[in-house]
Amino acid sequence: MTIDHEGPVPLYQQLADLLRAQIESGELPPNRPIPTEQRLMQMHELGRDTVRRAVGILRDEGLLITVKARGTFVVDRSAVQDDA
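What you see is a predicted model, and the numbers here were worked out from it, not measured in a lab.

## Notes on the side chain of Q22
Move 1: With respect to the helices and strands, the residue Q22 is situated in helix α1 (residues 11-25).
Move 2: Each residue touching Q22, except ones within four places of it in the same chain, is listed here: E27 and L28.

Encoded structure:
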């Protein structure tokens, strides 16, 4: 999946969908960091606000957690489900 800069779907939503798919497929594994903001900006030719908005969506969904001075990590949902 690639980002369609000319399509009708907002870029932040496309990036959120892409990262979500990578998390669900295991390409971005639990308890591991996602690429940095800078790297995501370069990889997908996006602005910082777009990347932050996409990451914010996934954080709100409980898929990501940001640790100050460490980065943004994929949440281990199996551990969350085990606690429930």
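## Some details on the pairing of strand β2 (residues 71-74)
Move 1: Of the strand pairs in this sheet, strand β1 (residues 64-67) and β2 are connected by 4 bridges, and their pairing is antiparallel. Each residue of the ladder has a partner; that of V67, found in β2, is G71.
Move 2: Counted along the chain from β1 to the antiparallel partner β2, the turn is 3 residues long, and its residue A69 has a positive phi close to 65°.

## A few points about the packing of aromatic side chains
Move 1: By the definition in use, this model includes 0 aromatic pairs.
Move 2: When the ring centre of Y12 is taken as origin, the NZ or CZ atom of R53, which lies over that ring, is 3.8 Å away.

## Quick look at the pattern of salt bridges
Move 1: Here the structure, examined in full by the defined rule, presents 4 salt bridges.
Move 2: With its nearest N and O atoms 2.7 Å apart, the salt bridge here joins R20 to D17. On the criterion of helical spacing, the pair formed by R20 and D17 is a turn pair, its members being 3 residues apart in helix α1.
Move 3: Since its relative accessible area comes to 26%, D17 is described here as partly exposed.
Move 4: Put simply, D17, R20 and E61 are held in one network by salt bridges that share partners.

## With respect to α1
Move 1: Between its terminal C-alpha atoms α1 stretches 21 Å, which fits the 21 Å expected from 15 residues at 1.5 Å a residue.
Move 2: Of the positions making up α1, those classed as buried are Q14, L15, A16, L18, L19, R20, Q22 and I23.
Move 3: Against α2 (37-44), α3 (48-60), β1 and β2 lie the buried residues of α1.
Move 4: With its phi angle positive at about 90°, G26 sits one or two positions after the end of α1.

Conventions and cut-offs
- In this numbering scheme, every chain counts its residues from 1 along its sequence in written order.
- Totals for whole chains, interfaces and linings use all residues, but because this is a predicted model, local features are given only for residues with pLDDT of at least 70 and pairs of side-chain atoms are given and counted only at 80 or more.
- Hydrogens are left out, water is left out, and the side-chain values use all remaining heavy atoms of the structure.
- Where helices and strands are cited, they refer to DSSP runs of H or I of at least four residues and of E of at least two residues respectively, numbered from the N terminus.
- Between two residues, a contact is recorded if the distance between any of their heavy atoms is within 4.5 Å.
- Should DSSP find at least two bridges between two strands, the strands are taken to pair.
- Here a pair means two rings of Phe, Tyr or Trp (six-membered ring of Trp) with centres within 6.5 Å. Their orientation is stacked below 30 degrees between planes, edge-to-face above 60, and tilted elsewhere.
- Note on criteria: charge over ring means Lys NZ or Arg CZ within 6 Å of the ring centre, with the direction from the centre no more than 35 degrees off the ring normal.
- Salt bridge, as applied in this entry: a Lys or Arg side-chain nitrogen positioned within 4 Å of an Asp or Glu carboxyl oxygen.
- For every residue, the accessible area obtained with a 1.4 Å probe (protein chains only) is divided by the maximum for its type, and the residue is called buried under 20%, exposed over 50%, and partly exposed between those limits.
- Here, expected helix span is obtained from the residue count minus one, scaled by 1.5 Å.

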